[in-house]
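Analysis of the macromolecular model
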Amino acid sequence: MNAPARRVTALAGGVGAARMLSGLAAVVGQPALAAVVNTGDDMVLHGLHISPDLDTVTYTLAGAANPGTGWGLSGESWAVMASLREFEATGPEPEAGRLTWFNLGDRDLATHLFRTSRLASGAALSEVTAEVARRFGVQARLLPMTDSRVETRVTIEEPGGPGSFAGRFAGLPPAPQTPPATPSGQVEIGFQEYFVGLHHAVAVKGVRFVGASSAVPAPGALDAVEQADLVVICPSNPVVSIGPVLAVPGIADAVARRRETTVAVSPIIAGKALKGPADRMLGELGHEMSAVGVARLWAPLAAALIVDTADSDLAPRVEAEGTRCIVAPSVMSGPEQARHLAEVVLGAFTG
Ligand code: GDP
Ligand code: CA
C-alpha cells in the first residue's frame, strides 16, 4: 500500500487550477506544492506585462483573490480605470471601452508595474514570478511554463463581418507574427481579445500557441514534474489553459513518462464548463464536449481521471479511453469542497 502523495506538481491554468491548488495546499501544505502555470494568456497592454493565470494562482494561494470573480484582488479599488474612462470620453479614442476593455484594479496594477519593470531590467519571468509570490506570502513553488513569450492566438468568425475587427481594442502592441492566411470573414486575435474583449461569445475556428515550438520549459519546471510524488492536471480549460503548457517542448513528454502517477481532474461536468468557454471550445475544435472528450485528451498523460458524480454513468466510456475513472464530487464551491477533492486526488494511486 502506497502512502498518500506528499510532493505534488500541478499543471495549471487560472481559476479552476487555483481552486484545486488551494485544496491541495490545505492537505499537503504549500511548501510541498509546485505548479507549472499557463502563460499563453499573457499579454502586453498599455505597455504592461500581464500574466493572468499566474496572478490568479498567486492571489488565490495568498488568500487575497476576489471571491466574486476568482481573478483580481479582494477589496480592490478602480480609480485608474475610472480615470482612463475620462480619456475615452474626451477622445481621441472616443468609443466607450476601447481603453478599458480589460479591467485592471489599482492594487493589481502594482503587480503588473513590478513585473514589467523587473522584466525590462533583464529578470526572467520565472524569477519575477517567485518575487511576486514572496511578496504575497505564497510558499508554493509557482513556475511559468516558460520564460519566453508564447502567445495563444484564436481564429474566430469576424464579428460584424470582414474587416470590422481591426483596431477594436486599444492598448495592445501589434500581433506577434504574421497570422496564417485565414479565410475571408475569419480573423486571428489574441486570447484576451477573444476571452475578455468579446466575452468568448464567438465561434472558435482554430487555436495556435505562437512561439511555443521554440520555447524551453522554465528553469525547474521539468524537475518539478519529474521529482513530484504525484502530478495533477488541474480542472482547467484543456485547450487554452493546459494546451499551451503541454505545447512547450519537453513538458508533455515528461508527464507522459510518469503517467502511472499522474491524475487529471475533468473541468467538464455534465457536458458543461462551470464557467468560461471550455465546453464550446472543445466542441468547436472537434472534441467530444464531455468528460469522455477530456479522457481522450488526457489518457496518454494520466493513468486516472476524476469525473464528477454527475458523470458517473460515463465511467465505462472514460475507462474505454484507457484511463482509470474515479468518480467524486468535483465542484469546488468552497474550501471544504476543494479540500475534499484534493484528498481524492492525493489518494488516486494509494491502496
Ligand atoms: P481561467 O484561466 O481562469 O479561464 O481558468 P481555467 O482554465 O483554470 O479554468 C476554467 C475551467 O475550470 C472551466 O472549464 C471550469 O469548468 C473549470 N472549473 C472551475 N472551477 C471548477 C471546479 O470547482 N471543479 C471543476 N471540476 N472544474 C472547475
Ligand atoms: Ca486563463
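Okay, so let's go over this structure. (Residues numbered from 1 in each chain as written. Chains lettered and ligands numbered in written order. Predicted model: local features only at pLDDT ≥ 70, side-chain atom pairs only at ≥ 80, totals over all residues. Heavy atoms only, no water.)

Some points on the site of ligand 1
Around ligand 1 there are 22 residues in total, and Ser236, Ser241, Leu274, Ser330 and Met332 lie nearest to it. Between an oxygen atom of ligand 1 and a main-chain N or O atom of Val15, the distance comes to 2.9 Å. A distance of 2.8 Å separates an oxygen atom of ligand 1 from a polar atom in the backbone of Pro235. Starting from 590 Å² of accessible surface for ligand 1 in isolation, the protein chains cover 94%. With 4 residues, the top contributor of residues to the shell around ligand 1 is helix H1 (residues 15-28). Residue classes in the shell around ligand 1 are distributed as 11 nonpolar, 8 polar and 3 charged. (Near = heavy atom within 4 Å. Polar contact = N/O pair within 3.5 Å; in protein donor to acceptor, adjacent residues only side chain to side chain. Areas by Shrake-Rupley, 256 points an atom, 1.4 Å probe, with all protein chains shown as cover. Helix = DSSP H or I, 4+ residues; strand = E, 2+ residues; numbered from the N terminus. Nonpolar A, V, L, I, M, F, W, Y, C, P; charged D, E, K, R; others polar.)

Brief notes about the coordination of the calcium ion (ligand 2)
For the calcium ion (ligand 2), the full set of protein donor atoms is Asp41 (OD), Asp53 (OD) and Asp53 (OD), and the range of their distances to it is 2.1 to 2.7 Å. Placement of Asp41 in the loop between strand E2 (33-37) and strand E3 (43-45) and of Asp53 in helix H2 (residues 52-61) is noted, with a sequence separation of 12 residues between them. Taken as a pair, Asp41 and Asp53 share a single burial class, namely buried. (Donors = N, O, S within 2.8 Å, 3.2 Å for Na, K, Ca; no water. Buried < 20%, exposed > 50% of the residue type's maximum accessible area, 1.4 Å probe, protein only.)

Points about the sheet that holds strand E5 (residues 141-144)
If you walk across this open sheet you meet the 7 strands as E5-E2-E1-E9-E10-E13-E14, and the pairing is parallel. The sheet is open, and its two borders are formed by E5 and strand E14 (324-328), each paired with just one other strand. The sheet shows a mean angle of 20 degrees between the axes of neighbouring strands, direction not considered. Inspection of the sheet shows E2 paired to E5 by 4 bridges, in the parallel sense. (Pairing = 2+ DSSP bridges. Axes fitted to C-alpha atoms, helices over the stretch in contact; angles between N-to-C directions.)

Remarks on unusual backbone geometry
At His46, a residue that is not glycine, the phi angle is positive and equals roughly 50 degrees. Positive phi, close to 45 degrees, is recorded for His200, a residue that is not glycine. Along the polypeptide, His200 turns up in the loop between helix H6 (191-197) and strand E8 (204-210).

Details of the state of the cysteines
Evaluation of the coordinates by the stated rule reveals 0 disulfides. Here Cys234 is not cross-linked by a disulfide; its sulfur's nearest cysteine counterpart is in Cys325, at 18 Å. The class for Cys234 is buried, based on a relative accessible area of 1%. (Disulfide = S-S within 2.5 Å.)

Concerning helix H13 (residues 335-346)
The first and last C-alpha atoms of H13 sit 16 Å apart over 12 residues, in line with the 16 Å expected at 1.5 Å per residue. Where H13 is concerned, the buried positions are Ala338, Leu341, Ala342, Val344, Val345 and Leu346. Where the residues of H13 are buried, they touch strand E1 (8-12), H1, strand E9 (230-233), strand E10 (262-265), strand E13 (304-308) and E14. (Expected span 1.5 Å × (residues − 1). Contact = heavy atoms within 4.5 Å.)

Purely geometric stuff here, so don't read any function into it on its own.
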